[in-house]
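Report on the structure
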Amino acid sequence: MIDLLPLSADFVWPLAVALAWVLGEIVHRGTNLPRISIYSLTGMFLSYAQVGLLPRPSESSVVLIANMAFGLILFEFAYRINLRWLRTNWWIAASGVVESVMTFVLVYAAVSYFGMNGLPGLLLAALAVSTSPAEVLRVVNEQRSSGQVTERVLHMTALNCFFAVFAFNLIVGLWSFQSSGSLWNAVSNSLLVLLVSGALGVAFGYAVPGLLRKLGVLGRDATLAFAIAVILLASLAQAFKMSAILATLSFGFVVRHRRVTLGQAQRNFGILGELLTVLLFVFIGATLAWPRIVSGVHVALALLGARFVSKLFGATVFARFSGTTWRKGLLTGLAMSPMSVLVMGLLVQTRSMGVDLMDQLAPLAAATLLLAVIGPMLTLLALRFAGETSEIEE
């Protein structure tokens, strides 16, 4: 008799991706809601229905593919960030820093009120600072959005990312020291991860364009070459237990500021990027466990309340100083609602280090689920109210 268990484990992921894509297209065309919200919901419900999503024997390969998908998005996102603009209009950078610090402080105060103080509270606060570039960029690309609010959201999201990754890794290092008493474990899980991950990304940023120039193909569409490089970089980062997030962000920044021109065909990395995006958001939804969601929902609501207030205030308070209106500042803060993919990426990174934090951070599951669905919708609404979206359907 054929053993059906391995067959079901191998078949369930392609089936989940196919189902998520079909549902995403149907719901998007009927309601114009972001497809990625539907992908996350599909993964969550399939996991809840216990159809075998994320089976243990193949978990590492699925995590690797999800890292590759996230890496492609982060590279494209980082390429769109213009550091010269932040230096010229430094009020935007100031707004991002103030908003990040305010989010960290307010969220820590909110979760501490419910008894989650100390290291768990600090970790929640660091993760809450993050705005996920995956959801933001996907909505921007899907809607062909452009304008003041779009650019501010992208640049302030980048500032959020670096603040969250830096703070999170430092707190994880402190957690490791408290757990093991080993200073080396603390340093290797924090500062060393940050330094080596950034160095990997910078090295790729110089090596890949240099190789393409030698081969004489940099002037043509280099989508495939950069996609392969990002996938290789994400795989290296996971293999050596580094931060794929920081490595791929650094890669994109260096390529942009070495004036390597990418054509419009690179948006979403074509069909490869579309396919991996569906898998990534199904993976995020499937990773969330219902017992954690239910047990942490009250703290999650407090966390999200503090997060919304700080992001709206931080993006608005410097709006006039940075050359825009209060209204557009408020819409910028609203568009920075998503956080789910970056949060899960950081937690997957710590799991590869042997530190599983999800059980200690139960409220995070509920907050991540809510923003996986609602976050992209709020981004879409903010961009529409700003008048920066296009009605052209891809």
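Preceding this section is the structure that the text describes.
So, a few notes on the structure that sits alongside this text. Quick caveat, the model's predicted, so the values are computed rather than measured. (Residues numbered from 1 in each chain as written. Predicted model: local features only at pLDDT ≥ 70, side-chain atom pairs only at ≥ 80, totals over all residues. Heavy atoms only, no water.)

In this section: the overall build of the protein. On a plain count of helices and strands, the protein comes out with 18 helices and zero strands. Across the 394 residues of the protein, 56% fall into the buried class. For the protein, restricting intrachain contacts to residue pairs at least 6 apart in sequence, the fraction spanning at least 24 positions comes to 84%. Summing over all exposed atoms, the protein offers an accessible surface of approximately 16,400 Å²; the carbon and sulfur share of this is 70%. (Helix = DSSP H or I, 4+ residues; strand = E, 2+ residues; numbered from the N terminus. Buried < 20%, exposed > 50% of the residue type's maximum accessible area, 1.4 Å probe, protein only. Contact = heavy atoms within 4.5 Å. Areas by Shrake-Rupley, 256 points an atom, 1.4 Å probe, with all protein chains shown as cover.)

With that settled, the discussion passes to the nonpolar core. With 105 residues, the main nonpolar core has Phe251, Leu280 and Leu303 as its most contacted residues. Here this core gets 13 residues from one element, more than from any other, and that element is helix H8 (residues 148–180). Apart from residues no more than four positions distant in its own chain, Phe251 is found in contact with Phe75, Gly201, Phe204, Gly205, Val208, Phe226, Ala229, Val230 and Leu233. (Core = buried A, V, L, I, M, F, W, Y, C linked by side-chain atoms within 4.5 Å.)

Now for the pattern of salt bridges. Tallied over the entire structure, the rule returns seven salt bridges. Residue Glu25 is joined to Arg35 by a salt bridge in which the shortest nitrogen-to-oxygen separation is 2.8 Å. With Glu25 in helix H1 (residues 4–31) and Arg35 in helix H2 (residues 35–48), this residue pair connects regions lying 10 residues apart in the sequence. We note that Glu25, like Arg35, is buried. Two residues, Arg138 and Glu274, come together in a salt bridge whose shortest N-O distance is 2.8 Å. With Arg138 in helix H7 (residues 133–142) and Glu274 in helix H13 (residues 270–287), this pair connects stretches of sequence that are 136 residues apart. (Salt bridge = Lys/Arg side-chain N within 4 Å of Asp/Glu carboxyl O.)

If you trace the backbone, Arg258 turns up in the loop between helix H12 (244–257) and H13. For the pair Arg258 and Pro209, spaced 49 residues apart in sequence, the C-alpha to C-alpha distance is 8.8 Å. The contacts of Arg258, once residues within four sequence positions are left out, are Gly205, Tyr206, Pro209, Gly210 and Arg213.

Here the focus is the environment of Leu330. Positionally, Leu330 belongs in helix H16 (residues 326–335). Distance in space between the C-alpha atoms of Leu330 and Phe313 is 7.5 Å, their sequence separation being 17 residues. With sequence-adjacent residues up to four places away left out, Leu330 is seen in contact with Leu312 and Thr316.

We now examine unusual backbone geometry. Even without being glycine, Arg144 reaches a positive phi, approximately 50°. By the secondary structure assignment, Arg144 is in the loop between H7 and H8. For Arg144, a relative accessible area of 37% corresponds to the partly exposed category.

Applying the stated criterion to the full structure yields 11 aromatic pairs. On the basis of an interplanar angle of 35° and a centroid distance of 5.4 Å, the ring pair of Trp91 and Phe318 is categorised as tilted. Remark: Phe318 occurs in the loop between helix H15 (297–317) and H16 and Trp91 occurs in helix H5 (residues 90–113); sequence separation between them is 227 residues. When the ring of Phe104 is compared with that of Phe163, the centres are 6.5 Å apart and the planes differ by 70°; the resulting orientation is edge-to-face. Taken together, the residues span a long stretch of sequence, with Phe104 in helix H5 and Phe163 in helix H8 at a distance of 59 residues. You can call Phe163 partly exposed: its relative accessible area is 27%. An aromatic cluster of at least three residues, connected via ring pairs, comprises Phe75, Phe204, Phe226 and Phe251. For the cation-ring pair, Arg256 lies above Tyr79, with the distance from its terminal atom to the ring centre recorded as 5.9 Å. (Phe/Tyr/Trp six-rings, centres within 6.5 Å; stacked < 30°, edge-to-face > 60°. Lys NZ or Arg CZ within 6 Å of the ring centre and 35° of its normal.)

Following both chains from N to C, one finds H5 and helix H6 (residues 118–129) inclined at 140°, their axes separated by 8 Å at the closest point. Compared by their axis directions, H5 and H6 come out oblique. As H5 packs across H6, the resulting crossing turns out to be right-handed. Of the residues in H6, those touching H5 at Ser100, Thr103, Phe104, Val107, Tyr108 and Val111 are Gly118, Gly121, Leu122, Leu124, Ala125, Ala126, Ala128 and Val129. When grouped by side-chain class, the residues that make up the contact of H5 with H6 number 10 nonpolar, four polar and no charged. (Axes fitted to C-alpha atoms, helices over the stretch in contact; angles between N-to-C directions. Parallel < 35°, antiparallel > 145°, perpendicular 65-115°, else oblique. Left-handed = near helix turned anticlockwise from the far one by under 90°. Nonpolar A, V, L, I, M, F, W, Y, C, P; charged D, E, K, R; others polar.)

The geometry of H16 relative to helix H18 (residues 362–385) is characterised by a closest axis approach of 8 Å and an angle of 160° between their N-to-C directions. Comparing their axes, H18 and H16 come out roughly antiparallel. Our pair here, H16 against H18, has a crossing hand that is left-handed. When H16 is examined against H18, the residues Arg327, Leu331, Leu334 and Ala335 are found in contact with a partner set consisting of Leu378, Thr379, Ala382 and Phe385. For the contact of H16 with H18, the class distribution of residues is six nonpolar, one polar and one charged.

In short, geometric facts, not functional conclusions.
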